[in-house]
Amino acid sequence: MGRRSLLTGAAAVAGGAALSTALPAAAEAAPRSGTAAAATVAEAGTTAVTTDYITVAPTDSRFPDLVRGINQRWVASPDYVRLVTTTGQAVRAVQEAVSAGKRLTVRSGGHCYEDFVFNKDVQVVIDMSGMTQVYYDSGRNAFAVEGGASNLQVYETLYKLYGVTLPAGSCASVGVGGHISGGGYGLLSRLQGLTVDHLYGVEVVTVDKNGTAKAVVATRDSDDAALKDLWWAHTGGGGGNFGLITRYWLRTPGATGTDPSKLLPKPPSEVFVHATSFPWKDVTEASFTRLLQNWGAWHEKNSAPDSKYNSLFGLLKLNHISNGQIGLLTQMDATIPNAQALLNDYLAAVTAGVGITRQAMTNRMGEHAAMPQFAAPRKLPWYIATDYLSGGNPTLYGKYKSAYARKGFSAAQIKAMYKHLSRTDYSNGDALVQVDSYGGRINAVKPGDTAVPQRDSVLKLQYQTYWTDPADEARHLAWIRDFYRDVYGETGGVPVPNEINDGCYVNYPDKDLGDAAYNTSSTAWNSLYYKDNYTRLQKVKSAWDPKNVFRHAQSVRLP
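As annotated in an unreviewed UniProt entry, the protein carries the name FAD-linked oxidase and is attributed to Streptomyces silvensis. Under the heading Cofactor (unreviewed entry), UniProt records this for the protein: "FAD".

J.: Got a minute to help me understand the overall build of the protein in this structure?
T.: The helix and strand inventory of the protein stands at 13 helices and 16 strands. Burial status across the protein gives 62% buried among its 559 residues. Accessible area for the protein stands at about 19400 Å²; split by element, carbon and sulfur atoms hold 51% of it.

J.: Looking at this structure, I do not really get the sheet that holds strand β5 (residues 134–137). What am I missing?
T.: Strand order in the open sheet formed by five strands is β5-β6-β9-β7-β8, and the pairing between neighbours is antiparallel. Lying at the two open borders of the sheet, with one neighbouring strand each, are β5 and β8 (213–219). Taking each pair of neighbouring strands and ignoring which way they run, the sheet shows an average axis angle of 20°. Where β5 and strand β6 (residues 142–146) come together, four bridges link them in antiparallel fashion. Bridge pairing in β6 places Asp-137 opposite Ala-142. Across the face of the sheet, helix α3 (residues 151–162) comes into contact with β5 and β6 while running at roughly 50° to β5. Across the sheet, helix α6 (residues 225–233) lies against β7 (199–207) and β8, angled at about 85° from β8, the strand it touches most.

J.: Would you take a moment to explain the packing of aromatic side chains for this structure?
T.: The geometry of an aromatic ring pair comes down to the distance between the two centres and the angle between the two planes. Using the criterion set out here, one finds 32 aromatic pairs in the structure. Seen in terms of ring centroids, Tyr-113 and Tyr-508 are 5.8 Å apart; in terms of plane orientation they differ by 25°. Their pairing is stacked. Note that Tyr-113 is positioned in the loop between β3 (104–107) and β4 (124–127) and Tyr-508 in the loop between α11 (473–487) and α12 (525–530), a separation of 395 residues in sequence. On the basis of relative accessible area, Tyr-113 is assigned to the buried category, the value being 4%. Ring geometry for Tyr-463 and Phe-483: centres 5.1 Å apart, planes at 80°, overall edge-to-face. With Tyr-463 in strand β16 (residues 459–467) and Phe-483 in helix α11, this residue pair connects regions lying 20 residues apart in the sequence. Relative accessible area serves as the criterion here: at 0%, Tyr-463 is assigned to the buried category. By relative accessible area, Phe-483 is classed as buried at 0%.

Criteria and cut-off values
- Residues numbered from 1 in each chain as written.
- Predicted model: local features only at pLDDT ≥ 70, side-chain atom pairs only at ≥ 80, totals over all residues.
- Heavy atoms only, no water.
- UniProt positions renumbered as here; feature names shortened; annotations may be inferred.
- Helix = DSSP H or I, 4+ residues; strand = E, 2+ residues; numbered from the N terminus.
- Buried < 20%, exposed > 50% of the residue type's maximum accessible area, 1.4 Å probe, protein only.
- Areas by Shrake-Rupley, 256 points an atom, 1.4 Å probe, with all protein chains shown as cover.
- Pairing = 2+ DSSP bridges.
- Axes fitted to C-alpha atoms, helices over the stretch in contact; angles between N-to-C directions.
- Contact = heavy atoms within 4.5 Å.
- Phe/Tyr/Trp six-rings, centres within 6.5 Å; stacked < 30°, edge-to-face > 60°.

Here you go:
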């Protein structure tokens, strides 16, 4: 859910990706052991290659494309980029960088919101673009997903070959290497939990105290406590912290048998997709307040793990006034009993007393009608809806912030949102806060069972602003920082956990959380992300990355 959907305006573009679904010949050879004996991992499940990894130097024409991510704010100038296609190559690439004393980072999909991968200090970028296989591994009786695969590649293979899916993000091009390790959520999460709730194992290249790189497999069934901790750290501890992730194995807890079609959840065969908007010209502070109160109240009432609304996921797009409209996108399982009536009741509850005429969603500039076909709820096959609603624009500069909410917003928070979204001294149709449905089955898991501690929230927020001219950066940063600081003014400018707030999402990293100029609370950035789980994450860091090889501005610190 890290990127904007079609409702944010002209910059958002629907996208898809083609991929080969051929299974690798080596899939049957995957090792069964999840113990330390698997330190040298067989090259199972990877495309057979006879050549070594690819090195791209600054003189290579590909270099400019490989030293930047989706966010154009971050461009690096490393000595070289390594593109690896096997676990063995990844081990070698890490070892050579460590032996040479070079600072390394790892790129999966390139969606890092801060400069954690592409920064001034990095000397070696290890690029996972060549490791994108998705396949059933009979040796581990789980689905293997390599660290460079994208969300859409995972969805297409799992669904078309096996009829199953993962409750992961809606943006097609996000790489799973970072997405899964940070927790992962999406339009099916209220129904099926977080992505990491289905994580069985991880293969990760680590570096020991002697500076030796090796590939280790850790699973939730590992007998060795250190390995079990390493698996746990990848259930929400975030990317770039413990090692280079070469692949994941995924199987839902409690799944039995060896039929691949029963090892992960099945998506609904059909879903309703509905989109509507509220023209800003008709919005008053009173109507804005009522809309947000309705949104919060509905989610407080309908976000229990056993709610009849678990399959409904809404995205409330509170766009800046210069966009022209506030958007609301909803997806819901169309096959459950009384689905249409439940959806109608939800829409009525959210819009009750708002007094704003709803209209078919069109993009803010009127270049094309983005989603008028969904003005009335439309029934679509699940995969078609998933493909259509994914997208993003890789040419933009952007800044992001996040928050979890345990209940609806306070009066002061709503007032601050209205103030900054309706400001006329700032104009940007691609500035917004997106408020997503949360809770449901996500909250059926205890805070310490995975590294994701936020297990009783009902809403999740992502503050966003985008621009195209780098000279405009200061203006856009000032707006989003002022906006965020005022919304959480009662708790020091950040969403300190309390009755309403519950910290921040590590996959939407924000370096401002560690800056005393913007975080005036007594709660550190690591507590906002990890809460009480941080101490255990530090223990894992000490055991598996004692030389702090894998680090960035907000990586887990050594104890």
